[in-house]
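Below are the chains, spelled out letter by letter.
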Amino acid sequence: MWRIYRALVCALLAAANFTRVYALEFCSTSDPDCHSHDDTSSNSQLCIHKSKWSVNVSNLIHDLGQFRVSSKKLIETFPIDEADGNFVRTVKNCIFSKSIPTPLKGPLRLAAVSKYGSGGRLFPGSVPLAHRYGGHQFGYWVGQLGDGRAHLLGQYLNRKGEIWELQLKGSGKTPYSRSGDGRAVIRSSVREFLCSEAMHFLGIPTSRAASLIVSEEPVLRDQFYNGDVKTERGAVVLRLAKSWFRIGSLEILSQSGETDLLRKLLDFVISEYFGFISSDDPDKYLVFFSTVVSETAHLIAQWMSVGFAHGVCNTDNFSLLSITIDYGPFGFMESYSPNFIPNTSDDDGRYSIGAQADVGLFNLEKLLVALSPVLTIPQQKQSRMILKSYVDIYQMRIHQLFKAKLGLLGEENDDNYLIAFLLKMMEDTQSDFTMTFRQLSEVSAKHLLDKNFTQLWALDDLSLHKHFSDWLNMYLSRLSRQQNDSDLDRQHRMKNVNPRVVLRNWMAESAIRKAERNDFSEVALLHHILSSPFTTQKTAKEAGYAARPPTWAKRLKVSCSS
C-alpha cells in the first residue's frame, strides 16, 4: 500500500505543479514486497523500486486524498451520447460519449509518474468521456473521427487557479475507435511525452504531459504501412490541456446540421477560454474567429522559428485555443530545407515544414465554413476579410521572430533580405538549422569576422558557401548600426531565443530503444535537458545532443502509425 501511495504522490506533483519529472525504476512483480493488496480494478501491478528524486511523502499523503477532478461542467452543459458502451458507432446530437478506459495489462512500469495514468483507476469525481469530432485529413473531409483511444478524465483546478483537462491517450477503445484497438505504443508515447514538454520549455503554446506508463501488453502495429506487422508494447500518456476542443469539434456539428449544438459549443468555448469576448456581443462569433486566425498565425510562426514540423496538420489536430496538440510524426528540422517532411506517410509533402503556413490558412478556411451557419450574411463577408489578414499577420510575426534570432534591433529596409539570404545559404549548404542560429548567438562579432569556425561545426558548414563573406559583411554592418547595443547584449538576447538543444528524432529514437528494454534513463535525461533548452548544459554536451547528428540519424523514419 505504501509503495502505491508513493507512486500516486509522484503523479500529483507532476499534474498539480508541473515540477520536473524523472524516470523511476521498478522492482519486478515477482518480488513479494512489490504487490499491491488493494488493486481490484485490474490485474496490473505497479510499484517503485527506487526513485531518482525524493518527496516528503508523509506531508503529501493528505494531498492525495484531496485530489479531485470533475466532469460535471461538461456533462451538465452538453448532451451526452444516449448509447452506452465502447462499441464503435456513428454518433449524433452530442459532444461526448461516456467511455470507460480499458486498463493496460500488467506488469506496468512507470516511465514517469502515476498509476492513475494507466486507466486502471479513476480519479475521484471522474466520469470518463470520449469527444466526438470530425475533420479534414490531407485536404479531404472524412466525416466522424473522435477520440478513438483517448479518455477525458475531467477538469482539474491547480494551485494557481488554472483549470486543466486531464486526458489519457492509449487507454482503450471508445465509440470512435473505428478499426483501431484503442492503444498507443511505447514508441509514439515516449515521443509525445518528451515533445510536448520540450515545446513548453521552448515557450510554444502546447498541451503538457504528466505521466508515461508502459506495459507488457502486446500491440500489433504496421509502422510503415508496408505489411510488416510487428508486436510492440502498449503505453499510456496522461496529458493535459486547457481544452481539447479543435476545429474538427465544430466541423462535425456544422456538417451534420446540428446548428443549435454548434452554437452551444461555441458559446461554451468563448465563455470558458475567450473571456474578453462579451456573451452579449452580437459579433462574438466574428471576434472569436478573428482571434483564432491571429493566434494560429502566431503559433505556426513559432513552430517555424524553432524548425518544428507537426507532420499531420489536419483540422482535427488544430486546437481552437491555438496550442500544439496531438504529437505524431513530428520532427525538428536538422539540415535546413523548406521541403523537410517528417512524416513518411505524407507522400505528397502536403505537411512539409515550408507548407505549414498555407495549411494553417486552409484549416482556417474550413473553420469559417463550420461557423457559417451561425453567422449573418454581413458577418460572413467580414469574416472573409478577416481571413485575408492571416497572411500579413503570419509574415509580420515570422519577420519579428527571425529578426530576434539574429539579434537585430529596430527596422531596416534590408532586414528581410538579410534573413532570406541566410536561409538560402543554409539550404544550399545543408547547414543545421538549430545549431547555425545557436552558434551565431555564441560567438562575438570579432570571432565572426575572423571566420575561425573549427570548433563551430554548423557555422563551419555555412562558411563553405561562396557568398558567405558577402552575407557576413552585411550582417556585421547591420549589427554595428544598432545604437546602445553591445556585442554581449546581442549574444545574450540571441541565446534566449535560439535553443541549444531540441528533440531531434535520433535523440527520441535512442530513448525509445532503451525504453523498450525497460531502461528509462534516457527518457529522464532528455526530459531534464529539454526543460532548459536555451542554456549550455554539461550533460547535454556529454550526450552529444549539440554535436553533429550521427550518420544513422538520416535513415530514421516516422509515420502516422502509433
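See the structure printed just above.
Residues numbered from 1 in each chain as written. Predicted model: local features only at pLDDT ≥ 70, side-chain atom pairs only at ≥ 80, totals over all residues. Heavy atoms only, no water.

### A short note on the overall build of the protein
For the protein, the count of helices and strands is 18 helices and 14 strands. A total of 562 residues make up the protein; the buried ones form 58% of that total. A total accessible area of about 23100 Å² is found for the protein, and carbon and sulfur atoms account for 50% of it. (Helix = DSSP H or I, 4+ residues; strand = E, 2+ residues; numbered from the N terminus. Buried < 20%, exposed > 50% of the residue type's maximum accessible area, 1.4 Å probe, protein only. Areas by Shrake-Rupley, 256 points an atom, 1.4 Å probe, with all protein chains shown as cover.)

### Side note on empty space enclosed by the protein
In this structure the tally under the stated criterion is 7 cavities of 30 Å³ or more. The calculated volume of the second largest cavity comes to roughly 70 Å³. Together, F96, H131, D147, L152, E165, Q167, W244 and F245 line the second largest cavity. The class makeup of the residues in the lining of the second largest cavity is 4 nonpolar, 2 polar and 2 charged. (1 Å grid on protein atoms, 1.4 Å probe; cavity = no way out; pocket = protein on both sides within 12 Å on 5 of 7 lines; lining within 4 Å. Points joined across faces, edges and corners; volume = space filled by probe spheres on them. Nonpolar A, V, L, I, M, F, W, Y, C, P; charged D, E, K, R; others polar.)

### Re the environment of P101
Its location among the elements puts P101 in the loop between β3 (96-98) and β4 (108-112). Residue P101 is classed as buried on the basis of its relative accessible area of 6%. Sequence separation between P101 and G182 is 81 residues, and the spatial gap between their C-alpha atoms is 9.3 Å.

### With respect to the nonpolar core
If you look at soluble globular proteins, the nonpolar side chains tend to sit buried side by side. Of all hydrophobic cores here, the largest spans 126 residues; its most connected members are L250, F288, W471 and Y475. The element contributing the most residues to this core is helix α7 (residues 284-305), with 12 residues. Beyond its immediate sequence surroundings of up to four residues, F288 is in contact with L250, L266, V269, I270, F274, I277, L320 and L371. By size, the runner-up hydrophobic cluster in this structure holds 14 residues, among which are V69, L104, L238 and L240. (Core = buried A, V, L, I, M, F, W, Y, C linked by side-chain atoms within 4.5 Å. Contact = heavy atoms within 4.5 Å.)

### A word on the environment of V287
Structurally, V287 can be placed in helix α7. Its relative accessible area of 28% is what places V287 among the partly exposed residues. Taking the C-alpha atoms as reference, V287 lies 9.6 Å from I386; in sequence the two are 99 residues apart. Leaving out residues up to four positions away in the same chain, V287 has contacts with F276, I277 and D281.

### Some points on the pairing of strand β12 (residues 230-241)
Counting buried residues in β12 gives 10 out of 12 residues, a clear majority hidden from the surface. Bridge analysis of strand β9 (residues 163-169) against β12 gives 5 bridges, and the strand direction is antiparallel. Within the sheet, the bridge partner assigned to L168 lies in β12 and is L238. Pairing of strand β10 (residues 184-185) with β12 involves 2 bridges; the strand directions are antiparallel. Looking across to β12, one finds that A184 is bridged to A235. As defined by bridge partners, strand β11 (residues 208-221) adjoins β12 across 10 bridges and the pair is classed as antiparallel. Paired with I213 across the strands is V236, a residue of β12. (Pairing = 2+ DSSP bridges.)

### What about the packing of aromatic side chains?
Evaluated as defined, the whole model comprises 25 aromatic pairs. When the ring of W471 is compared with that of Y475, the centres are 4.9 Å apart and the planes differ by 15°; the resulting orientation is stacked. Of this pair, W471 and Y475 both sit in helix α14 (residues 468-480), separated by 4 residues, roughly a single helical turn. Here W471 and Y475 have matching classes, each one buried. Above the face of the W164 ring, K242 is positioned so that its terminal group lies 5.1 Å from the ring centre. One cation-aromatic arrangement involves K405 over F437; the distance from NZ or CZ to the ring centre is 4.6 Å. (Phe/Tyr/Trp six-rings, centres within 6.5 Å; stacked < 30°, edge-to-face > 60°. Lys NZ or Arg CZ within 6 Å of the ring centre and 35° of its normal.)

### Quick notes on unusual backbone geometry
Here the phi dihedral of S322 falls at roughly 55°; this positive angle occurs in a residue that is not glycine. Residue placement: S322 occurs in the loop between β13 (308-309) and β14 (331-332).

### So, helix α17 (residues 521-530)
In terms of burial, α17 is largely enclosed, as 7 of its 10 residues are buried. Contact partners of the buried residues in α17: α4 (186-201), α16 (505-515) and α18 (538-543).

### A closer look at the environment of S431
Tracing the backbone shows S431 in the loop between α10 (415-429) and α11 (433-442). When its relative accessible area of 0% is taken as the criterion, S431 is described as buried. Sequence separation of S431 and D461 is 30 residues, and the distance between their C-alpha atoms is 5.9 Å. Filtering out sequence-adjacent residues up to four positions away, S431 remains in contact with E334, S335, Y336, M426, T436, A458, D461 and L462.

### Re the pattern of salt bridges
Counting across every chain of the model gives 32 salt bridges. Of the charged contacts in the structure, one is a salt bridge between E217 and R183, with a shortest N-O distance of 3.0 Å. Of this pair, E217 sits in strand β11 while R183 sits in the loop between β9 and β10, and the two are 34 residues apart along the sequence. By relative accessible area, E217 is classed as buried at 11%. Where salt bridges share partners, they join K169, E192, R239, R246 and D326 into one cluster. (Salt bridge = Lys/Arg side-chain N within 4 Å of Asp/Glu carboxyl O.)

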